[in-house]
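# Observations on the three-dimensional arrangement
What follows is each chain in one-letter form.
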Amino acid sequence: MYRKLLERKGYFFLGFIALWYALSKIFFDKATWELGIADNTSFTNVVGDAAGAISGNRTHSPFFVYFFNPIRLFINGFVDIIRNLIATPSNGHAAPTIGWLGVIAILAFITLATSRIRMAILVITFLLGCGALGMWADTMDTLAMTLAAVLLSLAIGIPCGIWAGLSDRVLKLFTPILDLAQILPTMVYLAPLALFFMIGEASATIATMIYSVPISIRITSHAIRSLNFSPVEASISMGATKKQTLSKVQLPMAKQMIVLGVNQTVMAALSFVVIAALIAAPGLGKPVISALTIQNTGRGFVAGLAVVLVAIMLDRATSAAAMKQKAFIPPTESEKRRKRLNVSIAGAVALGATIASHFVTALGNFPDNFDIATPISNATNSFVNFLVNDVSFLTVGFKDIISIRVLNPIEDMLARAPWFMTLTMFVIAALVLAGKRIAFLTFVLLSAIAATGLWFDAMITLTQTIVATLLTMIVGVALGIWVGRSKRADSLLRPFLDAGQTMPAFVYLVPILGLFGPTRFTAIATGIVYSIPVVVKIVGEGIRSVPESMIEAATAAGSNVRQIITKVQLPASKRALMLAANQGMIFVLAVIVIGGFVGSGGLGYIVIMGSSKPELQGKGLVAGFVILLLGVAIDRVAQAASRRA
Amino acid sequence: MSADSPMIQVKNLWKVFGSNPDKVIGTELASLTRSELRAKTGNTVAVRDVSFDVAPGEVFVVMGLSGSGKSTLVRCMTRLIEPTAGELIFSGEDILKVDGNRLRELRRTKFSMVFQHFGLLPHRKVIDNIAYPLEINGVGKAERHKRAQEVIELVGLNGYSEAYPEQLSGGMQQRVGLARALAADPEIMFLDEPFSALDPLIRRDMQSEVIRLHHELGKTMVFITHDLQEAAKVGDRIAIMRDGALIQVGTPAELVANPKDEYVANFVRDIAKSHVLTLRYIARPLRSDESAATVELDADLIIREALPTVLEAHRPIHVVSGGSSIGVVSAEDVLALIASVN
């Protein structure tokens, strides 16, 4: 009975989509509300005027004088302290207060003290690598920005996380805010923040914190909540106060997971600090962006490489520190003594190096006499040229097939049909898939998008998001099944998946731009690369969590591998598949809008134009808001659909 | 307070989980069964109108299957879970009426608890686990370690004071749990299924350990278990609990000899009667064709322990209570009881 209904639903959808396609052909290019990039609507003009009024009030409105400006000054001051220390020459000094040798020595020392000597060697090598790439100053800026954002994030995130871990009411209060922060694409809040805090360090730091504070809160609260309750109850039963139980039982037991949260916070902050170059954050994002703008793949690759080195270094060092917290049993006395000796020797060396790097300029500014950046950049460029010119069937051919056979038809259906038709079709689809409530929500959100006047661009972005998600799901589910079924595949792919998740999305843009040029497809390919790891991980986890007994039963009944996959493992992990699709789509959307930078058009392009052209500021802000509406709509519909599944 | 007044008095204790617990107690809803009430109001009665006394130095066992409310009952008695209604009097003080400060003080000094899953702090050495209740009460380090060392010796943990809980077996971990509960020298100990997570052999050792500690220290104990053998072994009296209510309270012998209903009878069926019943329960009048032996046995002697004497006598033996005979037992009587299929 249920199967029949499902089959009928399948036929209904085939028919529905065919009808949709036919209608879009009939009413092709009518009432699409297409808007030239330089054109404003009356609504975007109003927003633009409002934005102008806000920035005009910066010096005298009490909101600014007593709220936004002090925050901005505080954060700028905080960031500058760290930057002056390691990144920029200051106080009439020719080099930063602590020169390159000192920074390397200090970071190596911290790594040694918190984990193992191998990790310290890795840190030294990677930092030297960044310097050799000619990226020392930018690397230090990125580190300084990341450090500042992480310290501020933890200062807020850990106490709030503990609070949410202890109180259900607080958790309930936080959850919707945290959810929203997680689905918000980067580009959405950059422009509004810049409006209130001006472009630069403060906005970049706050934007980063919007992204990383929720992660810190979530993990800390989870760490407190997932504790074995028995010791906590025992502590209460012995008459401990709440404070005593927290400080003597809950926090010590949750320590490892909280440190793991630091790792996640650092990685989130790093990826965001790089993107925040869009609002003039100092650091490695700057050379990436300038390389993207002039489409110099080689130079972008060099800067991207430095980002990758920093990312791997921070990830390994902080997770190694977290792993060390795992055992509750401390090392023996002799181990401790040896460690203490090592640490004090390293400390003395680090101190000496730091002092030397302060006074000797050659140890302060990274030497630029061995340049490996130019050869790497040139080699990359010639390799990309080879790919594009000599094996174009791999690049251009694939790009064209997807663009003409998949992208264009869907774009015709969504963007180049009358807006009210698309809207109606979406509402009907939501009604069938997810029910009345969600259909109504879809109607409201899409109507709001239409009301802004940016309907056409929203549909362009949506088209690319849908296509990228479809492709992501095809590849991601296949890989996820593989990873879920085979331990070997899991250990083979896991490093790539982990790396993929810790890498800032921006970095992917560089090589993909080289391959496919500034087109829609570049954005889609970047979205796919960025979101595949999360899809593979969720699907793999789902497949793996199918009870062994189910598979044994199916095998005993004589199923072959294909039958086991299609009839047991996939249906049993339906929820994981739905979750993967939901997460994949949110990840894709976030990247697709960044792709506005490399010719994907749509809302992302408007946001970027808005941040550079004053007369388009309003339109850019509206586009950011539309991205938000789109994200919420996608998330709600996908979640409701997966609840129904 | 006189010596024979109870250490603990539980009077009409209720615990109702749900949104509107007060709407249940004292209304006709209170007479509904658990499932009826849940269907009607969404509330769950975990503890239903429970009353009992525990004498000083007594081991009082609360026994029931999982879901019978025994764990909730013991948590209500320590106010880890707030009871919905009732009175809970420890040495004359109603602890349901005391404020947070006084409650903490009572927890620190008057009673302590041992947990099924031990509840040890993984990041602390054994000695610091045991000293924890003293530490939170503000006792200095030297003094609390001295006291902890005493308790370590008492429970047989010598040589383990510097170990971490993870390095110990389950049985040893629960010894740490016991030691911690004894550290502050409380008057009352609550033991919530303390040995349920242990292997059968170790469980038996630990039961004997509790009995030994009880003999040495004479603490009043409230012992929760789902294992009737365990209940019969350690308990002076046993309370049988079902669906939140106490069905019957009595000594092991009383429960075996006079089960109040089918449920209790089913429960006690597996207990070897000769291990809990005393001669009093099988004494019968001397038949005219018999002549009694010259030896006499006390009526409160457990049958198993009387066995050698009865078998040797070859004749019925008089069972004496308060100086006069209440009847006789013969070898056949005893063997018939041992052989009887329950």
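It should be emphasised that the depicted structure is a prediction, and the values quoted were computed from it without experimental measurement.

Thresholds applied
Residues numbered from 1 in each chain as written. Chains lettered and ligands numbered in written order. Predicted model: local features only at pLDDT ≥ 70, side-chain atom pairs only at ≥ 80, totals over all residues. Heavy atoms only, no water. Helix = DSSP H or I, 4+ residues; strand = E, 2+ residues; numbered from the N terminus. Rg over C-alpha atoms; globule rule 2.2 N^0.38 Å. Buried < 20%, exposed > 50% of the residue type's maximum accessible area, 1.4 Å probe, protein only. Domains from an automatic or database assignment. Contact = heavy atoms within 4.5 Å. Salt bridge = Lys/Arg side-chain N within 4 Å of Asp/Glu carboxyl O. Polar contact = N/O pair within 3.5 Å; in protein donor to acceptor, adjacent residues only side chain to side chain. Nonpolar A, V, L, I, M, F, W, Y, C, P; charged D, E, K, R; others polar. Buried area = accessible area lost by both parts, 1.4 Å probe. 1 Å grid on protein atoms, 1.4 Å probe; cavity = no way out; pocket = protein on both sides within 12 Å on 5 of 7 lines; lining within 4 Å. Points joined across faces, edges and corners; volume = space filled by probe spheres on them. Pairing = 2+ DSSP bridges. Axes fitted to C-alpha atoms, helices over the stretch in contact; angles between N-to-C directions. Expected span 1.5 Å × (residues − 1). pLDDT = per-residue confidence, 0-100. Phe/Tyr/Trp six-rings, centres within 6.5 Å; stacked < 30°, edge-to-face > 60°. Lys NZ or Arg CZ within 6 Å of the ring centre and 35° of its normal.

### Structural notes on the overall build of chain A
Secondary structure assignment for chain A yields 27 helices and zero strands. A globule of 645 residues ought to have a C-alpha radius of gyration of about 26 Å, and chain A, at 26 Å, matches this closely. For the C-alpha atoms alone, the extent of chain A along its principal axes is close to 75 × 65 × 60 Å. Buried positions account for 52% of the 645 residues belonging to chain A.

### Comments concerning the domain arrangement of chain A
Think of interface size as the accessible area that goes away when the parts come together; that is how it is often given. Residues and elements named next belong to chain A. Examined at the domain level, chain A breaks down into domain 1 (2-48 + 383-644) and domain 2 (139-296). Each of domain 1 and domain 2 has a C-alpha centre, and these two points are 27 Å apart. Across the boundary between the two partners, domain 1 contributes 26 residues, which contact 21 residues of domain 2. The interface formed by domain 1 and domain 2 includes zero salt bridges. Linking domain 1 to domain 2 there are zero residue pairs in polar contact (both at pLDDT 80 or more). Those elements that place two or more of their residues in the side of domain 1 that touches domain 2 are helix H21 (505-516), helix H25 (574-594), helix H26 (602-612) and helix H27 (617-644). Ranked by the residues each element gives to the side of domain 1 that touches domain 2, the list is headed by H27, at eight residues. A class-by-class count of the residues in the side of domain 1 that touches domain 2 yields 20 nonpolar, five polar and one charged.

### Things to note about the interface of chain A and chain B
Residue-level contacts link 20 residues of chain A with 23 residues of chain B. When chain A packs against chain B, close to 2000 Å² is buried across both sides, 63% of that on carbon and sulfur atoms. Every element with two or more residues in the side of chain A that touches chain B is listed here: helix H10 (229-237) and helix H11 (242-275) of chain A. Looking at which element gives the most residues to the side of chain A that touches chain B, the answer is H10 of chain A, with seven residues.

### A few points about empty space enclosed by the protein
Throughout the structure, instances matching the rule amount to two cavities of 30 Å³ or more. Of the voids in this model, the largest cavity is the one considered here, and its volume is about 50 Å³. What lines the largest cavity is Met238 of chain A together with Arg107, Arg108, Thr109, Phe111, Ser112, Pro133, Arg180, Ala181, Ala184 and Pro186 of chain B. Within the residue set of the lining of the largest cavity, elements represented by two or more residues are helix H3 (100-109), strand E6 (111-114) and helix H6 (170-183) of chain B.

### Focus on the sheet that holds strand E12 (residues 317-321) of chain B
Residue and element names in this part refer to chain B. Within the open sheet, the three strands sit side by side as E11-E12-E13. Their pairing is mixed. In this open sheet, the two edge strands, each paired with only one partner strand, are strand E11 (296-298) and strand E13 (324-329). Averaged over all pairs of adjacent strands, the angle between strand axes in this sheet comes to 40°, irrespective of strand direction. With three bridges joining them, E11 and E12 adopt parallel strand pairing. Note on E12: the bridge partner recorded for leucine 297 is valine 319.

### Description of helix H4 (residues 100-114) of chain A
Two residues of an α-helix separated by three or four positions point the same way, owing to the 3.6 residues in each turn. The end-to-end C-alpha separation of H4 of chain A is 21 Å, in line with the 21 Å expected for 15 residues at 1.5 Å each. Among the residues making up H4 of chain A, those that are buried are Trp100, Gly102, Val103, Ile104, Ala105, Ala108, Thr111 and Leu112 of chain A.

### Thoughts on unusual backbone geometry
All names here are of chain B. Not every positive phi belongs to a glycine, and asparagine 12 is a case in point at roughly 50°. For asparagine 12, the position within the fold is in strand E1 (residues 8-17). For phenylalanine 118, which is not glycine, the phi dihedral falls at a positive 70°. Checked against the element boundaries, phenylalanine 118 lands in the loop between E6 and helix H4 (126-136).

### Considerations on the side chain of arginine 284 of chain B
All names here are of chain B. Among the structural elements, arginine 284 can be located in the loop between helix H11 (273-276) and E11. Within the structure, arginine 284 has its side chain in polar contact with the side chain of glutamate 290 (distance 3.0 Å). Those residues in contact with arginine 284 that lie beyond four places of it in its chain are Glu290, Gly327, Val328, Ser330 and Asp333.

### Focus on the sheet that holds strand E5 (residues 93-94) of chain B
Residues and elements named next belong to chain B. With antiparallel pairing, four strands are arranged side by side in an open sheet as E2-E1-E4-E5. Edge positions in the open sheet fall to strand E2 (44-54) and E5, since each of these has one partner strand only. Where strand E4 (residues 85-90) lies against E5, two bridges are found, and the strand directions are antiparallel. For isoleucine 89, the partnering residue across the bridge sits in E5 and is aspartate 94.

### Regarding the environment of serine 319 of chain A
Residues and elements named next belong to chain A. For serine 319, the position within the fold is in helix H13 (residues 297-324). Linking serine 319 and leucine 628, residues 309 residues apart in sequence, is a C-alpha distance of 33 Å. At 2.8 Å, the side chain of serine 319 forms a polar contact with the backbone oxygen of aspartate 315. Here arginine 316 takes part through its backbone oxygen, which lies 3.4 Å from a polar atom of the side chain of serine 319.

### Concerning the pattern of salt bridges
For the structure shown, the criterion picks out 36 salt bridges over all chains. Here arginine 416 of chain A and glutamate 411 of chain A are joined by a salt bridge, their closest N and O atoms 3.5 Å apart. Measuring nitrogen to oxygen at the nearest pair gives 3.0 Å for the salt bridge that ties aspartate 94 of chain B to lysine 97 of chain B. The class of aspartate 94 of chain B is buried, set by a relative accessible area of 13%. Beyond isolated ion pairs, a larger network of salt bridges with shared partners links Arg284, Arg287, Asp289, Glu290 and Asp333 of chain B.

### Looking at the confidence of the model for chain B
Summing up the model confidence of chain B, the mean pLDDT is 89 and the portion of residues at 70 or higher is 98%. With a pTM of 0.83, the predicted complex shows an ipTM of 0.84.

### Re the packing of aromatic side chains
Per the stated rule, a full pass over the model turns up 27 aromatic pairs over all chains. Taken together through their ring pairs, the aromatic side chains of Phe64, Phe67, Phe68, Phe196 and Phe197 of chain A make up a single cluster. For arginine 242 of chain B, the ring lying beneath its charged end belongs to tyrosine 263 of chain B, and the centroid distance is 4.1 Å.

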